Amino acid sequence: MNSNKGSCTIWLTLILVILAGSCQAACPPSSNRTIRLNNGGHPAQGRVEILHNGIWGTICDYSWDILDAQVVCRQLGYDHAITATLASSFGRGIDKIWLSQVGCGGHELSVEECYHRSWGDRYNCAVDHARDAGVVCAENVADNPYKIRLLNGASESQGLVDIGFRNAWGSVSSNSWDSSDGEVVCRELGFEGILATTYSGAFGSVYRRRWLQNAHCSGQEQSFLSCVNGGWGWSDGHWIGFAGVICIDGNYNNPKVQLIGGAGNLSGRVEIGFNNSWGSVCDIDWDIHDAHVICRMLGHPKALAATVSSSFGAGSGRVWVNNVQCHGEEQSILNCRHSGLGNLHSSCTAHSKDAGVICYDGITSDIKVRLSGHSNRSGTVELGFYGAWGTICHHDWDIYDAN
């Protein structure tokens, strides 16, 4: 009897030691642990740090979410959490990573009460502090530190989407960025709606923290903050570029089009303008169907030709788009399938592939032929449309064509 009792005591002691050491179950808060926010530019936001055994350390963002942030914010005396941030959005800590795989229910009085791995077990996090967790807290019920704005555009209705929590601003990734996301941003900024979503090449880039990737808005949300997303501050190897929008500001519903370097408005390099912010079109997939749409936008009945390889000279500034694929009946070039404004192939960025058109004016085609050589009886065949001259490729060229 005594032997069995001793055996039970040993097992119970062993279980208690394991639980106390690993905190796989909820652990009671201790008076020698405190919590703080660091490097946030404001007392109510920053990198979460915990004091344990006299040493400050961070929390790994593995499984970190808004419920964990709620507990931290209330533990610090704030009303509630605005968001949980990942990937060292408020900078990297030093020394210890104290906790990982924190799993709060949201009701706990301190983060130490939440499920977590044992102290010092930095499960799924490297020693470089690249995944330190953070929070943005609301100081009171009415406090809303979240802000949104557009950068680098020619007007206030266009630019890179920039998100701010108090004075901590950051960009949005173009991963999975689409018109539903842009619609929410434009409406939140007070515009009628969205004209187009843009990618990195459209409005350049800015050096700042990367706040968000993989936004998934339905288009009906009142605030971009409410959209489903891949995590605030999350940044991994799949970060493509910077998301942007062009919003409808009441002055136009379609982009403007102009032809540069040709004969008036009948031929030239295609340039698209949004509120006087002009850029060219890359010639990947450019063909006569695309040219028809451009010419009709300019008031002409149709196109005679689609030109490639900067036939009317190289543009400057932005290249707006590539992979335009029109059926030919669209009312606007933006109604055609395309890569997305600013989402450019690497070969398109230097203006060596600017697309052009030659439009038909409804009166005469004005096609001219000349020979480029030493006499008017022999030479390279050249065709001219409204002052624009070009050659003919020799594929399938034969005596019948020459005749």
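In this text the structure is predicted, and so the values were computed from the model without any measurement.

Cut-off values and rules
- Per-chain numbering applies: the sequence of each chain, read as written, is numbered from 1 onward.
- Reporting of local features is limited, given that this is a predicted model, to residues whose pLDDT is at least 70; pairs of side-chain atoms are given and counted only at 80 or more, and all residues count toward the totals for whole chains, interfaces and linings.
- Side-chain measures were taken over the full set of non-hydrogen atoms in the model, leaving aside hydrogen atoms and water.
- In this description a helix means any DSSP run of H or I spanning at least four residues, a strand means any run of E spanning at least two, and both kinds are numbered starting from the N terminus.
- Using a 1.4 Å probe on the protein chains alone, a residue whose accessible area is under 20% of its type maximum counts as buried, one over 50% counts as exposed, and one in between counts as partly exposed.
- In what follows, a contact means two residues having at least one pair of non-hydrogen atoms within 4.5 Å.
- All accessibility values rest on the Shrake-Rupley procedure with a 1.4 Å probe; residue burial counts only the protein chains present in the view.
- Residues enter a nonpolar core if they are buried and are Ala, Val, Leu, Ile, Met, Phe, Trp, Tyr or Cys, with the set joined through side-chain atoms within 4.5 Å.
- Any carboxyl oxygen of Asp or Glu within 4 Å of a side-chain nitrogen of Lys or Arg constitutes a salt bridge here.
- Stacked, tilted and edge-to-face are the three classes assigned to paired rings of Phe, Tyr and Trp, where Trp is represented by its six-membered ring and a pair needs centres within 6.5 Å; plane angles under 30 degrees give stacked, over 60 edge-to-face, the rest tilted.
- Lysine NZ or arginine CZ positioned within 6 Å of the ring centre and within 35 degrees of the ring normal marks a charge as sitting over the ring.

**Q** Would you explain the overall build of the chain in this entry?
**A** The secondary structure content of the chain amounts to six helices and 21 strands. A buried classification covers 48% of the 403 residues belonging to the chain. Here the analysis covers contacts within the chain between residues at least 6 apart in sequence; of these, 67% occur between residues at least 24 apart. Carbon and sulfur atoms make up 50% of the accessible area of the chain, which amounts to about 19,400 Å² in all.

**Q** Help me out: how do you make sense of helix H3 (residues 179–188) in this one?
**A** In an α-helix, one turn spans 3.6 residues; hence positions three or four apart end up facing the same way. If you check which residues of H3 are buried, you get Asp181, Gly182, Val184, Val185 and Cys186. Phi for Gly190, located one or two positions after H3, is positive at around 95 degrees.

**Q** I would appreciate a short explanation of the nonpolar core in the present structure.
**A** Generally speaking, nonpolar side chains in soluble globular proteins are found buried as a group. Counting residues in each nonpolar core, the largest one holds 35 residues, and the members touching the most others are Trp286, Ile294, Trp320 and Val357. Those elements that place two or more of their residues in this core are strand S10 (193–198), helix H4 (200–203), strand S12 (244–248), strand S13 (256–261), strand S14 (267–274), helix H5 (288–297), strand S17 (318–321) and strand S18 (356–360). The contact partners of Val357, leaving out residues within four places of it in the chain, are Leu259, Leu266, Ser267, Gly268, Val270, Trp286, Ala291, Ile294, Cys295, Ala305, Thr307 and Phe312. Residues Val161, Leu212, Cys227 and Trp232 belong to the second largest nonpolar core, which totals 29 residues.

**Q** I tried to follow the pattern of salt bridges on my own but got confused; where do I start?
**A** In the structure shown here, the tally under the stated rule is eleven salt bridges. Residue Arg36 is joined to Glu49 by a salt bridge in which the shortest nitrogen-to-oxygen separation is 2.8 Å. Here the residue Arg36 occupies a position in strand S1 (residues 34–42), and Glu49 occupies one in strand S2 (residues 45–52), the gap between them amounting to 13 residues. On the basis of relative accessibility, which here comes to 31%, the residue Arg36 falls in the partly exposed class. For Asp61, the salt bridge identified is with Arg131, shortest N-O distance 2.6 Å. On the criterion of sequence distance, the pair formed by Asp61 in the loop between strand S3 (55–59) and helix H2 (66–75) and Arg131 in the loop between strand S5 (96–99) and strand S6 (134–138) is long-range, its members being 70 residues apart. Judged by its relative accessible area of 3%, Asp61 falls in the buried class. Owing to a relative accessible area of 23%, Arg131 belongs among the partly exposed residues under this scheme.

**Q** In this structure, what is going on with the packing of aromatic side chains? I would like to understand it.
**A** Here a ring pair, both rings aromatic, is described through the centre-centre distance and the interplanar angle of the planes. Taken as a whole, this structure holds five aromatic pairs when the rule is applied. When the ring of Phe203 is compared with that of Trp320, the centres are 5.8 Å apart and the planes differ by 80 degrees; the resulting orientation is edge-to-face. Pair noted here: Phe203 is in helix H4 and Trp320 is in strand S17, with a separation of 117 residues, a long-range link. Judged on exposure class, the residue Phe203 and its partner Trp320 are both buried. The ring of Tyr123 has Arg117 sitting right over it, with the charged end atom 4.2 Å from the ring centre. One cation-aromatic arrangement involves Arg149 over Trp169; the distance from NZ or CZ to the ring centre is 3.7 Å.

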